[in-house]
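# Coordinate analysis (summary)
Chain residues, written in single-letter form:
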Amino acid sequence: MLMRIVFAIWMFLLIVGCKPNQYDPSLPPKGFANNITLKIAYTLGAIEPTLTKVAIPETIQEYKDLVYKTIDSTSLKLDIYRPKALKKDAPLIIFIHGGAWEKGKKSNVLHYLVSYAKKGYVTATIQYRLSGVTKYPAQILDVADAVQWLKQHAKEYNININKVAIAGGSAGAHLAMQYAYANSSNTVDSNGIPTNVQAVINIYGPSDLTTEIAKKEKRVHRLFGKTYGEAPEMYKKASPILYVNKNSPPTISFHGTLDELVPYGQSKKLHETLKSYGVPTYYHELKGWPHAMDLSAKVFSYIQYHTDIFLEKHLKL
């Protein structure tokens, strides 16, 4: 009996997955009723995975493991990708990897980097100190130093420092938003280079670490080395939504309604907050999809399709 049920579900998922519009990247891919059916679909191979291990095309120049900072005897590195044929300065997209601030590596976002370099952008991914190595605010300080290093070396890599987007998924999105919203005024660094960015791409990132769920989350505790009760101001200072103002950069957010790690209400609330300040904001709520939903090829395509439109509007090539 159980095998019949499983077989029936499998056939249903295959049929659903073959609908003509499923691969139309402009449309939200059909999600799942709950996480149980999602796990069954994943186990049965009914979800086409995103190809994350990609080769570097002949047309793309890779600059690997460039040291942008050395601290506590540790060299922090970044990677840059750009079209070999690039003759003039182009917009830069900085992708920050996720992993709950305690794991992950810069190469995790290679599929995004290569895809956007092929479209004509300069792309970069950065290494930052994880929470097992040192506590917050080390992570955001690393991001800030990486952003400024990229701008300081803009001429070497054909980067337009006035057209910079910062992007990430999960913890990477948190750091991207935190940097962008905390540096949205027209300030410059010691070299006279502007610190602000022109666009934010938020893929299921936590924007508020003062919610009840965030306060109880062990991974958040490990990020700070303290609970909310021990250091409430630290949690507030690390919440991107509290930095939003009228000068915040345009933002696009993607979040799944089955996300059990970072509730989709985080991105929804961020969208409403940005809107209240008159900041251009675009919120894509994907029904029936979980955390790390862009590991689905259809979701990945949907995210890219709408991000392309967003970038064309606010970070034109």
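Here the structure is a predicted model, which is why all the values come from computation and not from measurement.

### Describing the pairing of strand β2 (residues 74–83)
For β2, a buried count of 7 out of 10 residues is recorded, marking the element as mostly surrounded by other parts of the structure. When strand β1 (residues 60–71) meets β2, the two strands line up antiparallel, connected through 9 bridges. Counted as the bridge partner of Q61 is R82 from β2. Hairpin remark: β1 followed by β2, antiparallel, with 2 residues in the connecting loop; positive phi at D72, about 50°. One ladder, built from 4 bridges, connects β2 with strand β4 (residues 122–126); its direction is antiparallel. Paired with I80 across the strands is A124, a residue of β4.

### Comments concerning the side chain of S207
Among the structural elements, S207 can be located in the loop between β6 (199–203) and α7 (212–216). The class for S207 is buried, based on a relative accessible area of 1%. Here S207 is in contact with M177, S239, P240, I241, Q266 and L270, once residues within four sequence places are set aside.

### As for unusual backbone geometry
Keep in mind that most residues, glycine aside, have a negative phi and that most peptide bonds are trans. A cis amide bond links Y136 with the next residue in sequence, P137, at an omega value of 20°. You will see that W101, though not glycine, has its phi angle at about 65°, which is positive. Examined against the element boundaries, W101 turns out to sit in the loop between β3 (90–96) and α3 (110–118). Of note, the phi angle at Y204 is positive, near 45°, even though the residue is not glycine.

### Focus: the packing of aromatic side chains
Following the criterion strictly, the structure yields 12 aromatic pairs and no others. Taken together, a centroid distance of 6.4 Å and an interplanar angle of 85° make the contact between F254 and Y302 edge-to-face. Placement of the pair is F254 in strand β7 (residues 251–256) and Y302 in helix α11 (residues 297–314), with a sequence separation of 48 residues. These aromatic residues form a ring-pair network of at least three members: F95, Y112, Y116, Y121 and F300. Sitting over the face of the ring of Y116, K119 holds its NZ or CZ atom 4.1 Å from the ring centroid. Lying across the ring of Y228, K215 places its NZ or CZ 4.3 Å from the centre.

### What about the sheet that holds β2?
Spatial strand order, β1-β2-β4-β3-β5-β6-β7-β8: 8 strands in an open sheet with mixed pairing. Whereas interior strands pair on both sides, the edge strands pair on one side only; in this sheet they are β1 and β8 (281–286). When the angles between neighbouring strand axes are averaged without regard to direction, this sheet yields 15°. For β3 and strand β5 (residues 159–169), the ladder comprises 6 bridges, and the chain directions are parallel. Along β5, the bridge assignment pairs I94 with I166. With respect to the sheet, α11 is in contact with β3, β5, β6, β7 and β8, its orientation differing from that of β7 by roughly 165°.

### Considering the environment of L150
Mapped onto the elements of the fold, L150 is located in helix α4 (residues 138–152). Its relative accessible area of 0% is what places L150 among the buried residues. Counting along the chain gives 11 residues from L150 to I161, while the straight-line C-alpha distance between them is 8.6 Å.

### Description of the packing of α3 against α11
Helix packing for two helices is described by the angle between their axes and how far apart those axes are. For the pair α3 and α11, interaxial distance at closest approach is 12 Å and the crossing angle is 45°. With respect to their mutual orientation, α3 and α11 come out oblique. Here α3 runs over α11; the crossing is right-handed. For the pair α3 and α11, the contacting residues are H111, Y112, S115 and Y116 in the first and F300, I303, Q304, T307, D308 and L311 in the second. Taken together, the residues that form the contact of α3 with α11 break down as 5 nonpolar, 4 polar and 1 charged.

### Focus on the pattern of salt bridges
Applying the stated criterion across every chain yields a total of 15 salt bridges. Between R129 and D142 there is a salt bridge whose closest N-O contact spans 2.8 Å. Of this pair, R129 sits in the loop between β4 and α4 while D142 sits in helix α4, and the two are 13 residues apart along the sequence. Three or more residues are tied together by salt bridges with common partners; here these are K64, D65, D79 and K106.

What counts, and at which threshold
Residues numbered from 1 in each chain as written. Predicted model: local features only at pLDDT ≥ 70, side-chain atom pairs only at ≥ 80, totals over all residues. Heavy atoms only, no water. Buried < 20%, exposed > 50% of the residue type's maximum accessible area, 1.4 Å probe, protein only. Helix = DSSP H or I, 4+ residues; strand = E, 2+ residues; numbered from the N terminus. Pairing = 2+ DSSP bridges. Contact = heavy atoms within 4.5 Å. Phe/Tyr/Trp six-rings, centres within 6.5 Å; stacked < 30°, edge-to-face > 60°. Lys NZ or Arg CZ within 6 Å of the ring centre and 35° of its normal. Axes fitted to C-alpha atoms, helices over the stretch in contact; angles between N-to-C directions. Parallel < 35°, antiparallel > 145°, perpendicular 65-115°, else oblique. Left-handed = near helix turned anticlockwise from the far one by under 90°. Nonpolar A, V, L, I, M, F, W, Y, C, P; charged D, E, K, R; others polar. Salt bridge = Lys/Arg side-chain N within 4 Å of Asp/Glu carboxyl O.

Function-wise, these values are silent; they only describe arrangement.
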